[in-house]
Amino acid sequence: MGRLFVVHLEGKIYSCKYCKTHLALYEDILSKSFHCKHGKAYLFNKVSNVTIGKTEDRMMMTGKHTVADIFCVSCGSIVGWRYETAHEKSQKYKEGKSVLERFKISGPDGSNYWVSSHGRHIGGSDADDS
């Protein structure tokens with residue numbers, strides 16, 4: 001395996017909850033109204049320091065999409081997914097954009113977002129929602 005190249009971002013940073021690798025900037029958030037099986041998820045215009053998995057078709061709340069899971073380049077943890085193709089015309093704006101699951105990342109203030117085994121938010125901070 002070659003040498004790992006990691007981009008260090010400046011500003012309000014979202015990072016991998018497990019290894020603290022920088023993933024995205026607050027200013028690149030397009031929407032905070034996305035959801036995943038662990039709760040909240042944010043749509044970002046661009047993300048850094050991720051590898052992209054195999055593409056697959058998934059039926060999501062907004063219709064069928066071709067997506068690929070994205071993984072932290074440092075520790076390999078799955079942190080979200082990338083929209084490759086939206087099959088519904090109204091969803092085309094998502095193509096090429098990435099979703100980071102709030103449960104799997106730390107916020108700009110270092111906060112984590114915890115979810116109980118029943119899928120309810122039970123602790124942590126999500127102050128960046130305001």
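Residues numbered from 1 in each chain as written. Predicted model: local features only at pLDDT ≥ 70, side-chain atom pairs only at ≥ 80, totals over all residues. Heavy atoms only, no water.

### Concerning the sheet that holds strand S6 (residues 63–72)
So, step 1. Spatially, six strands are ordered S3-S4-S8-S7-S6-S5 in an open sheet, and the strand pairing comes out antiparallel. Every other strand in the sheet has two partners, leaving strand S3 (29–36) and strand S5 (50–60) as the edge strands with one partner each. The average undirected angle you get between the axes of adjacent strands in this sheet is 30 degrees. (Pairing = 2+ DSSP bridges. Helix = DSSP H or I, 4+ residues; strand = E, 2+ residues; numbered from the N terminus. Axes fitted to C-alpha atoms, helices over the stretch in contact; angles between N-to-C directions.)

### Here's the deal with the environment of Ser31
So, step 1. Following the sequence through the fold, Ser31 ends up in strand S3.
So, step 2. A sequence separation of 13 residues divides Ser31 from Phe44, and the C-alpha atoms of the two residues are 7.2 Å apart.
So, step 3. Not counting chain neighbours up to four residues away, the residues in contact with Ser31 comprise Ala41, Tyr42 and Leu43.
So, step 4. Of the polar contacts made by the side chain of Ser31, one reaches the side chain of Ser33; its length is 3.0 Å. (Contact = heavy atoms within 4.5 Å. Polar contact = N/O pair within 3.5 Å; in protein donor to acceptor, adjacent residues only side chain to side chain.)

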